[in-house]
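Reading the structure
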Amino acid sequence: MGHTGDHTPHFKWHSKHHALPADLVEVFDRLDTGVVRIDADRRVRYANPAALAILGRPDENVEGSRLEELLPLSVSSQLSGATARAEKENAVQRLETRLQDRGHPWISVRIVPAGGCFTLFFEDVTAVREGEEALRKANEELGQQFAEHMKSLRQTGRRLEEQKELLLTIIDNIPVMLTFYDSSGSIRLVNKAFEELAGWSLQEARSMNLIAACFPDAAYRKEVWEFMMKARPGWKDLELTTRSGMILPSSWAYVRLSDGSLIGIGIDISERRKEERFREHLLQTQKMEALGNLAGGIAQNLKNAFTPILIDTEVLMADLGRTNPHYPMLEEMMHAISYGIELVKHLLTFSRRTPQLKRPLNIVATAEEAMNFLRASLPSTIEIRYTRSLEEARVLADSTQIKQVLVNLGSTAGHSMRRKGGTLEVDLSGVFLDEESAVLISPDLAVGDYARIRVSDTGPGMTEETIEHIFEPFYTPEGEGEGAGLSLSVVHGIVKNHGGAVTAASAVGRGTVITVYLPLETAHQQSG
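Source: prediction; values computed, not measured. Every chain begins its residue count from 1, and numbering advances along the sequence as written. Thresholds applied to this predicted model are a pLDDT of at least 70 for local features of residues and 80 or more for the giving and counting of side-chain atom pairs; totals over whole chains, interfaces and linings are not thresholded and use all residues. Excluded from the side-chain calculation are hydrogens and water; included are all heavy atoms of the structure.

Attention shifts here to the overall build of the protein. Scanning the protein from N- to C-terminus turns up 18 helices and 17 strands. When accessible area is computed with a 1.4 Å probe and restricted to protein chains, residues below 20% of their type maximum are described as buried, those above 50% as exposed, and intermediate ones as partly exposed. Within the span of the protein, comprising 528 residues, buried residues form 40% of the whole. Here a residue-residue contact requires only that any non-hydrogen atoms of the pair lie within 4.5 Å. Across the protein, every contact between residues at least 6 apart in sequence was considered, and the portion connecting residues at least 24 apart equals 56%. In these tables, accessible area is a Shrake-Rupley quantity obtained with a 1.4 Å probe, and a residue counts as shielded only by the protein chains included in the view. Accessible surface, the protein: about 30,000 Å² in total, of which carbon and sulfur atoms supply 53%. A run of DSSP states H or I qualifies as a helix once it reaches four residues; a run of E qualifies as a strand once it reaches two. Both are numbered from the N-terminal end.

Structural data, given as C-alpha cells:
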C-alpha cells in the first residue's frame, strides 16, 4: 500500500527514551485532539490530557504501559494491525473504531511513524457518528420508496424530470403552506397544504391575482407586499382571507433566491390563536371574579353603614315635620342616601350577591319591552333597528334583571352616539355552542343552546385598552372625563349570574359590538 499523502510533520524526538521536547509537550497538552507517543515496543511514553480522557483514564499515569492494555481487545487488535502497516510502509495510517466500554464510544486514530516510534492522534468522532446514525434512521422513517429515490439521487444523479417529481412530492406532503413566485412576481406554485387551507388550487392560483384575493383590503395588501419584497429573515403574522371568506391566522416567512424568485412559507396558527384567546379569557374571568369579591365586600359594608343613617333620617323628618326650616336639608340627605343605597344594589348585582327569583322567561317578549322603552327614551337622532330570528325562546331568569341588561346596553350605546347620532342595532338569535366555541367565548361557559343578543352602535368606538376594562366598575379611559359607571359591570354581573357570558369588540372609528349569551331553558328544566 502506498503513502496516503498525509503531510503530518515528522518530529525529531530527543533522548534515548524518546521524550518529547518541552515546548511540544506544552502544545500537545493544550490540544483538544488526543496525542499518544509510543516506542518500538508499543509502550506509552507520552499521552496528553485529551487522550487520557478519550481512553477513559483521565487520572491515571499510563507511561510505560502497553497501549493494548489500555484498550478493549477488539480495538487493540485493530490498532496493532494499523501500527504494523504504518511501520512496514512508513506511511500514515488511519483507523476509526468503537470503544464500547468507554464514555466516548467512537474514535478516529491517525498513526504517524517516525524514527522507530509512533505518534497517535486520537479524535472523538462520537457526535459525527451519532449524527450519521440519526440521519440514517430518519431517512428510513421516510419510507422505503423515498429512501430508494434519495439513494439513486446521491449515487448516480437523476434526470431533471425525476428531480421535479421528487421535489413536488416533498412540497405536497409537508404540513406547511408553500408559494413560489417568479422574478416578475407571478405565482408559479402552491402546494397541497395551501390549497387545503386557503381553498385555491394551483391552476386557479396561476390564473388570478392571488395576493389580491388573499388580502382584499388595499392598505393591508400593500403592507403585506412590502414585507414579501423585503424577504428579510423572520416571521410575520398575517390575516389571510380564504376562498370561503374566512380569516386564516397564519405566520409567514419569505426567502429571495438568486434568480429573483421568491418562496413563501406559511404556518397555520389558528390553534395557537385559540390558546392565546383562551388564556386571555381565563385571565379576564379571574380578574372580574376578584373585582366582584371586592365590590361585594365594599357594598356590604356600605349597606351596613347606610341603614342606621336612613332610619335615623326618616325618624328625624317625621319628628320635625315639613314646616321645619331644616326639613329641605333632611330631604336632600334622603336623596343622597337613596342614591347610595341604589349604588349598593348595583355593586351587589355586579358581585352576584343579590338573590334573584329565576323563572322561565320568554326572552323574545322581554326584548320587545326593552326595545319599546329604548325607542321612547333615546333621542330621535339615533335610529333603532331590531331584528330577531326566534319566535319564542325561554331562559331561566329574573325578568327585571334581563330587561335591565337590555336597557343598560341600549342606553350605553345611545350615550356613545349622543353628540352625532347614529344607528343602534339589536339582534336576537339562537345559537348552539359546542365545547370549542364555548371555551373561546368564556372558559366557564357550558355546551348547549343559547339566546344570543348582539347590540351594536355606530359610535366612536374604543381602544383595545378600554375594551380590556370595559366591564370593570367605574373604569374611566385615560384622557376622558367620564367613564361607564356601573351600567356595563352590572350587565356582566347579571349575565354571569344567569350562567351566560358577555363579550365586547370595538375599534376606534368603527363603533362597538357587545354580545350577550344566555342559556336557553332545556326540556328537562321545563318539565321540572
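Let us look at helix α14 (residues 399–416). Working rule for helices: expected span equals 1.5 Å times residues minus one. In a regular helix each residue adds 1.5 Å, so 18 residues correspond to 26 Å; α14 covers 26 Å between its end C-alpha atoms and thus fits that length. The set of residues buried in α14 consists of Gln 401, Ile 402, Val 405, Leu 406, Val 407, Asn 408, Leu 409, Gly 410, Ala 413 and Gly 414.

It is worth spelling out empty space enclosed by the protein at this point. Buried and open spaces are told apart on a 1 Å grid over the protein atoms alone, a cavity being a set of points where a 1.4 Å probe fits but cannot get out and a pocket being an open set with protein on both sides within 12 Å along at least five of seven lines. Residues with an atom within 4 Å of a point are the lining residues. Grid points are joined across faces, edges and corners, and a volume is the space filled by probe spheres set on the points. For the structure shown, the criterion picks out 3 cavities of 30 Å³ or more. Of the volumes computed, that of the largest cavity is approximately 70 Å³. Together, Thr 179, Tyr 181, Phe 194, Leu 210, Ile 211, Cys 214, Phe 215, Met 228, Leu 240, Trp 252 and Tyr 254 line the largest cavity. Per-element accounting of the lining of the largest cavity gives the leading share, 3 residues, to helix α9 (residues 210–214).

Now for the sheet that holds strand β16 (residues 501–506). As summarised here, the arrangement of the 5 strands in space is β12-β14-β15-β17-β16, forming an open sheet in which the pairing is mixed. In this open sheet, the two edge strands, each paired with only one partner strand, are β12 (382–388) and β16. Across the sheet, the axes of successive neighbouring strands diverge by a mean angle of 15°, strand direction being ignored. Between N-to-C directions, angles span 0 to 180 degrees; the directions come from axes that are lines fitted to C-alpha atoms, helices contributing only their stretch in contact. Strands β12, β14 (422–433), β15 (448–457) and β17 (512–519) of the sheet are contacted by helix α13 (residues 363–377), whose axis makes an angle of about 170° with β12. A pair of strands is treated as paired once DSSP finds two or more bridges between them.

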